[in-house]
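Working through the structure, step by step
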Amino acid sequence: MFIEIKNATKTYGAGETLVKALDNVNLSLEEGRIYVILGPSGSGKSTLLNMIGGLDRLESGEITVDGRDISHADKKKMTQYRREDVGFVFQFYNLIPDLTVQENIEVVSDISKNPMDIKEVMDALDISKYSTRFPKELSGGQQQRVAIARALIKNPKILLCDELTGALDSKSSRNVLKFIDKVNEKFHTTIVIITHNEAIAQMADAVIRIKDGQLASCTDNQQKVSADGLEL
Ligand SMILES: Nc1ncnc2c1ncn2[C@@H]1O[C@H](COP(=O)(O)OP(=O)(O)OP(=O)(O)O)[C@@H](O)[C@H]1O
Ligand SMILES: [Mg+2]
């Protein structure tokens, strides 16, 4: 299995304020598939994604990616994993305010071994016309598309998206999701998308449901719908 999560546990706080953000989660993800994570606010979705992306560490349990234990890797190996293998779209974008749209994307492509074509990515996400603007001069949806471009430009093995289309209208959402489908098909990228939109779950190969830090289910989609056919 490509990504193997075993007995993953993470708690925040202590005593009365203790929260089990991840409560003994076991999950296996296959390479080249699209997964959608659904679950109520506060259920542990972002925590799980951060762990898969090597942004945070488990309290106990283990995560292996392609046979490598990333949950116990040293700092250098973690950085290398994040830089080379993972593209991350954050819930709150995390664009660099002092860099233009194009520069925000270039900081990633410049250090990538095998980046995609910047023009192709910017065109596909419909942000070429904003290339010289700064993040604060963009709407939320435009910023979100820049964040997606930045995650994709390095052509990562694993693409992790926290609220991929949260700030987008249905037309922009469809365009972004179509591009995601295309990337998955062309590069066999393993993609995990957190969303509150049940409709998006239809384009996944499998749907993961999280509740109170626990895995409620992980079910293969019998009738996968391409992004084109989603009712958003
Ligand atoms: N740094 C932190 N310190 C304390 N508690 C935290 C921290 N990060 C997350 N939590 C708690 O852990 C639980 C899971 O949070 P998480 O962000 O994973 O939820 P989520 O499913 O992504 O929610 P949302 O849909 O609102 O983004 C929540 O109860 C949250 O309050
Ligand atoms: Mg979240």
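This text gives an overview of the structure that appears in the document.

Conventions used here
- Residues numbered from 1 in each chain as written.
- Chains lettered and ligands numbered in written order.
- Predicted model: local features only at pLDDT ≥ 70, side-chain atom pairs only at ≥ 80, totals over all residues.
- Heavy atoms only, no water.
- Axes fitted to C-alpha atoms, helices over the stretch in contact; angles between N-to-C directions.
- Helix = DSSP H or I, 4+ residues; strand = E, 2+ residues; numbered from the N terminus.
- Parallel < 35°, antiparallel > 145°, perpendicular 65-115°, else oblique.
- Contact = heavy atoms within 4.5 Å.
- Nonpolar A, V, L, I, M, F, W, Y, C, P; charged D, E, K, R; others polar.
- Donors = N, O, S within 2.8 Å, 3.2 Å for Na, K, Ca; no water.
- Polar contact = N/O pair within 3.5 Å; in protein donor to acceptor, adjacent residues only side chain to side chain.
- Buried < 20%, exposed > 50% of the residue type's maximum accessible area, 1.4 Å probe, protein only.
- Pairing = 2+ DSSP bridges.
- Left-handed = near helix turned anticlockwise from the far one by under 90°.

Packing of helix α5 (residues 140-152) against helix α6 (residues 170-187) brings their axes to within 12 Å, and their N-to-C directions diverge by 5°. Taken as axis vectors, α5 and α6 run roughly parallel relative to one another. Residue-level inspection shows Arg145, Ile148 and Leu152 of α5 in contact with α6, the latter providing Ser172, Val176, Phe179 and Val183. For the contact of α5 with α6, the class distribution of residues is five nonpolar, one polar and one charged.

Moving on, we get to the coordination of the magnesium ion (ligand 2). At the metal site, the magnesium ion (ligand 2) is ligated by Ser46 (OG) and Gln91 (OE1), and these contacts range over 2.0 to 2.6 Å. Residue Ser46 is found in helix α1 (residues 45-52), and its partner Gln91 is found in the loop between β6 (86-89) and α3 (101-109); the two are separated by 45 residues along the sequence.

With respect to the helices and strands, the residue Arg209 is situated in strand β9 (residues 206-211). Separated by 173 residues in sequence, Arg209 and Val36 have C-alpha atoms that sit 8.4 Å apart. For Arg209, the contacting residues outside a window of four places in its chain are Leu38, Glu198, Gln214, Leu215, Ala216 and Ser217. Of note is the side chain of Arg209, whose polar atom sits 3.2 Å from the side chain of Glu198.

This part covers α1. With six of its eight residues buried, α1 lies for the most part within the structure. Residues Lys45, Thr47, Leu48, Leu49, Met51 and Ile52 constitute the buried set of α1. At the exit of α1 stands Gly54, carrying a positive phi of roughly 70°.

Strand order across the open sheet formed by six strands is β6-β7-β8-β3-β9-β10, with mixed pairing between neighbours. If you trace the sheet from one side to the other, it starts and ends with β6 and β10 (214-220), each paired once. Strand-to-strand twist of the sheet, defined as the mean angle between neighbouring strand axes without regard to direction, takes the value 15°. Where β6 and strand β7 (residues 158-162) come together, four bridges link them in parallel fashion. Paired with Val89 across the strands is Cys161, a residue of β7. In this fold α1 packs onto β3 (34-38), β6, β7, β8 (190-194) and β9, with an angle of close to 155° to the strand it touches most, β7. On the sheet, helix α2 (residues 75-85) packs against β6 and β7 and is oriented at approximately 80° with respect to β6.

Looking now at the packing of α3 against α5. When two helices pack together, their arrangement is given by the angle between the helix axes and by the axis-to-axis distance. With their axes 8 Å apart at the nearest point, α3 and α5 run at an angle of 25° to one another. In terms of orientation, α3 lies roughly parallel with respect to α5. Judged by the twist between their axes, the crossing of α3 over α5 is right-handed. Taken together, the residues of α5 that come into contact with α3 (itself represented by Val101, Asn104, Ile105 and Val108) are Val146, Ala149 and Arg150.

With that out of the way, let us pick up the side chain of Arg33. Mapped onto the fold, Arg33 is located in the loop between β2 (19-29) and β3. Within the structure, Arg33 has its side chain in polar contact with the side chain of Asp220 (distance 3.3 Å). Once residues within four sequence positions are removed from consideration, Arg33 is found in contact with Asn184, Thr189, Thr190, Ile191, Asp205, Ala206 and Asp220.

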